[in-house]
Every structure is written in C-alpha cells, then in structure tokens.
Amino acid sequence: MSDTKLNGRLCSAASFVRQRAVLADIGTDHAYLPIFLASEGVIERAYATDINKGPLEKAKENISRAELGDKIECILTDGAEKLSDLGITDYTVCGMGGELIADIISRAPKLSSPEVRLILQPMSKQAHLRAYLLGAGFSIIAEAYSSDSGKDYVTLVAEYSGVCRFASEAECELPLSGTPLHGKDSMLRYYKTKSTSLHRALAGRQRGGDSSPEAASVAERIDAFITQIENFT
Ligand SMILES: C[S@@+](CC[C@H](N)C(=O)[O-])C[C@H]1O[C@@H](n2cnc3c(N)ncnc32)[C@H](O)[C@@H]1O
C-alpha cells in the first residue's frame, strides 16, 4: 500500500483524471501523482514517464515501495514520443512551463483525439498555453486553482474538439468566458498576485517613458475579473 499524500497542486490535477483511466504522467519525477491515483483505485494503470534518468529512478523506487509495479510502468521518453499504442486515455503534464507543455502537445498528434483528456499544470506562461490549446483545436473544459505553501497554481483541463480558435495571448491572460472555474479563494489570490506584478512592471515602464497600452489593458481586465469574482460568486 502507498502512504503517499499529494500536495494541493497535484491533488487538484488528480481530481480531473477519469475513473478507470489509463494514465500517462509526463514529466513524472517522483511519480507521486500516478502512485496516488493507483493506490486510490481511480485508474486502471499508468505510465510514469520522464526525459531524465534520475527522476525516473526516483519514480521506480517510489512505485516499488508502494508495491504498485503491476499498475505503473516507467518509460524514459521525451514528451509523448514513446507512448504509442498503449491505450492511454488521460495525460497529466504538471510542474513545467506553459511553453514546454505546449511544445510536448504539439509534437504528439495522438493527443488530438476527442477521447483523450489533457490535465495540464503550467508553472509559467499560462496565457501562451491557453492560446496554443485554442488554436490547435482543443477546448478548455475546466480550470482549477489550488494553493501550496503560500503559492497559487492553475490546472487546465482540455479535450480535443477540432474547432480551432485564434485568441491573442493578452486575451488568454484570463480564463475564457464560460469556462467552469474551481477554487475561488486560490483563484482570487492568483489573479491578485498577477495584478500586483503587472502594475509594478507597468509603473517601471512608465518611469522609463514606455506607456505599454496592451499591458495596461491586460491589467485593467484582470482587475475587472477580480472585482467580478469578488462580487458575483
Ligand atoms: C519540476 S518536475 C515536475 C514533477 C511533477 N510532474 C510535479 O508536478 O510535481 C518536471 C519534470 O519534467 C521532466 N521533463 C522536462 N522536460 C520533459 C520532456 N520534454 N518530456 C518528459 N519529461 C520532461 C523533468 O525531468 C522533471 O522530472
């Protein structure tokens, strides 16, 4: 049995993995996420993958300690490269930058299938990832906000619809209207932190004589979103 406890960030991602899923956890590192889901009986089986040998060794040790070697297989691979014909239904890609996550998806055409669910937890460049997903024909079916040790995180859940939509990165600084949102308190803190750093950057630019109307408009939209969340939900 496993005594793995997930932190809030990974717990949020885990909650979107479907019952009886065949999971690939790309960039698994310690394999906490597949170990938790397998020991809770949520998933049928999992592939814990990493591009680096060190993290995969750590994953193997943890899987063996949890006695889940029959449920979780480790694969050394870049992104989804060696994950063909394994019947994978759900992919988690957590704890990486949004650009790297978008790059991993863009190199894996098999992810563009309506049967597949992507659960993505970008540590940066969230707007880039949203814009990429929409342009590549994915719908963002939910966003969940979570907190860990005083930091707030977003998880994007996406499925392929085949409908491509252009959205600028500025537009994608916020969830698209109509997206189901989870974790109000973490979400408010997340956008308040973003607003504070944007306003600080804007003030710096203004002192340097650069008015940056696009950044000002993003800051304004984020502030309006915060007010809307505070007042109406
Ligand atoms: C910061 S760790 C995140 C670990 C875990 N997913 C989490 O969220 O706690 C990022 C992991 O991704 C792996 N990684 C980076 N680029 C990758 C790629 N292209 N394909 C697979 N794994 C990758 C790294 O080796 C590292 O173990």
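Keep in mind the model is a prediction, meaning the values are calculated, not measured.

## Section: the overall build of the protein
Okay, so step 1: Scanning the protein from terminus to terminus reveals 7 helices and 8 strands.
Okay, so step 2: A compact globule built from 233 residues should have a C-alpha radius of gyration of about 17 Å, and the protein, at 19 Å, falls within 12% of that.
Okay, so step 3: By principal-axis analysis of the C-alpha atoms, the protein measures approximately 60 × 35 × 35 Å.
Okay, so step 4: In the protein, of all internal contacts separated by at least 6 residues, the share reaching a separation of at least 24 is 70%.

## Re the site of the ligand
Okay, so step 1: Neighbouring residues of the ligand: 17 residues in total, closest Gly-27, Asp-29, Pro-55, Cys-94 and Gly-95.
Okay, so step 2: Listed by contribution, the elements that provide at least two residues to the shell around the ligand are β2 (45-50), β4 (90-96) and α4 (98-106).
Okay, so step 3: Here the shell around the ligand gets 3 residues from one element, more than from any other, and that element is β4.
Okay, so step 4: When its residues are assigned to classes, the shell around the ligand shows 8 nonpolar, 6 polar and 3 charged.

## Some points on the sheet that holds β4
Paired through backbone hydrogen bonds, the strands of a sheet run either parallel or antiparallel to each other.
Okay, so step 1: With respect to topology, 8 strands assemble into an open sheet ordered β3-β2-β1-β4-β5-β7-β6-β8, the strand pairing being mixed. The open sheet is flanked by β3 (72-76) and β8 (181-182), the only strands paired with a single partner.
Okay, so step 2: The pairing of β2 with β3 spans 5 bridges and is parallel. Note on β3: the bridge partner recorded for Thr-49 is Ile-75.

## Thoughts on the domain arrangement of the protein
Okay, so step 1: Split by domain assignment, the protein resolves into domain 1 (8-182) and domain 2 (188-232).
Okay, so step 2: Computed over C-alpha atoms only, the centres of domain 1 and domain 2 are separated by 29 Å.
Okay, so step 3: Taken together, the contact between domain 1 and domain 2 spans 6 residues of the former and 8 residues of the latter.
Okay, so step 4: For the side of domain 1 that touches domain 2, a count of residues per class yields 4 nonpolar, no polar and 2 charged.

## Looking at the environment of Lys-58
Okay, so step 1: When you line up the elements, Lys-58 lands in helix α3 (residues 53-65).
Okay, so step 2: Lys-58 sits 29 residues away from Asp-29 along the chain, and the two C-alpha atoms are 6.9 Å apart.
Okay, so step 3: If sequence neighbours within four positions are ignored, Lys-58 has contacts with Asp-29 and His-30.

## Remarks on the nonpolar core
Okay, so step 1: Ranked by internal contacts, the top residues of the largest apolar core, which has 59 residues, are Ile-35, Leu-37 and Ile-63.
Okay, so step 2: With 6 residues, helix α2 (residues 32-39) is the single largest residue contributor to this core.

## Considering the environment of Gly-8
Okay, so step 1: Inspection of the secondary structure assignment puts Gly-8 in helix α1 (residues 8-14).
Okay, so step 2: C-alpha separation for the pair Gly-8 and Ser-149, spaced 141 residues apart in sequence, amounts to 9.1 Å.
Okay, so step 3: Setting aside residues up to four positions removed in sequence, Gly-8 forms contacts with Ser-146, Ser-147 and Asp-148.

## Observations concerning the packing of helix α6 (residues 184-207) against helix α7 (residues 213-232)
Okay, so step 1: Between α6 and α7, whose axes approach to 9 Å, the crossing angle comes to 155°. When the interaxial angle is binned, α6 and α7 end up roughly antiparallel. α6 and α7 meet at a crossing whose hand is left-handed. Residues Lys-184, Met-187, Leu-188, Tyr-191, Lys-192, Lys-194, Ser-195, Leu-198, His-199, Ala-201 and Leu-202 of α6 pack against Ala-215, Ala-216, Val-218, Ala-219, Ile-222, Asp-223, Phe-225, Ile-226, Ile-229 and Glu-230 of α7.
Okay, so step 2: Its residues assigned to classes, the contact of α6 with α7 shows 14 nonpolar, 2 polar and 5 charged.

## Some details on the pairing of β4
Okay, so step 1: Most of β4 sits out of view: 6 of its 7 residues are buried.
Okay, so step 2: With 4 bridges connecting them, strand β1 (residues 22-26) and β4 associate as parallel partners. In the sheet register, Ala-24 faces β4, and the bridge partner there is Tyr-91.
Okay, so step 3: After leaving β4, the chain enters α4 and then returns to the sheet as strand β5 (residues 117-122), a path that is right-handed.

Reading the values: rules and limits
Residues numbered from 1 in each chain as written. Predicted model: local features only at pLDDT ≥ 70, side-chain atom pairs only at ≥ 80, totals over all residues. Helix = DSSP H or I, 4+ residues; strand = E, 2+ residues; numbered from the N terminus. Rg over C-alpha atoms; globule rule 2.2 N^0.38 Å. Contact = placed C-beta atoms within 7 Å. Near = placed C-beta within 6 Å. Nonpolar A, V, L, I, M, F, W, Y, C, P; charged D, E, K, R; others polar. Pairing = 2+ DSSP bridges. Domains from an automatic or database assignment. Core = buried A, V, L, I, M, F, W, Y, C linked by C-beta atoms within 7 Å. Buried ≥ 20, exposed ≤ 12 C-beta atoms within 10 Å, placed from the backbone. Axes fitted to C-alpha atoms, helices over the stretch in contact; angles between N-to-C directions. Parallel < 35°, antiparallel > 145°, perpendicular 65-115°, else oblique. Left-handed = near helix turned anticlockwise from the far one by under 90°. Right-handed = clockwise from strand over helix to strand, strands pointing away.

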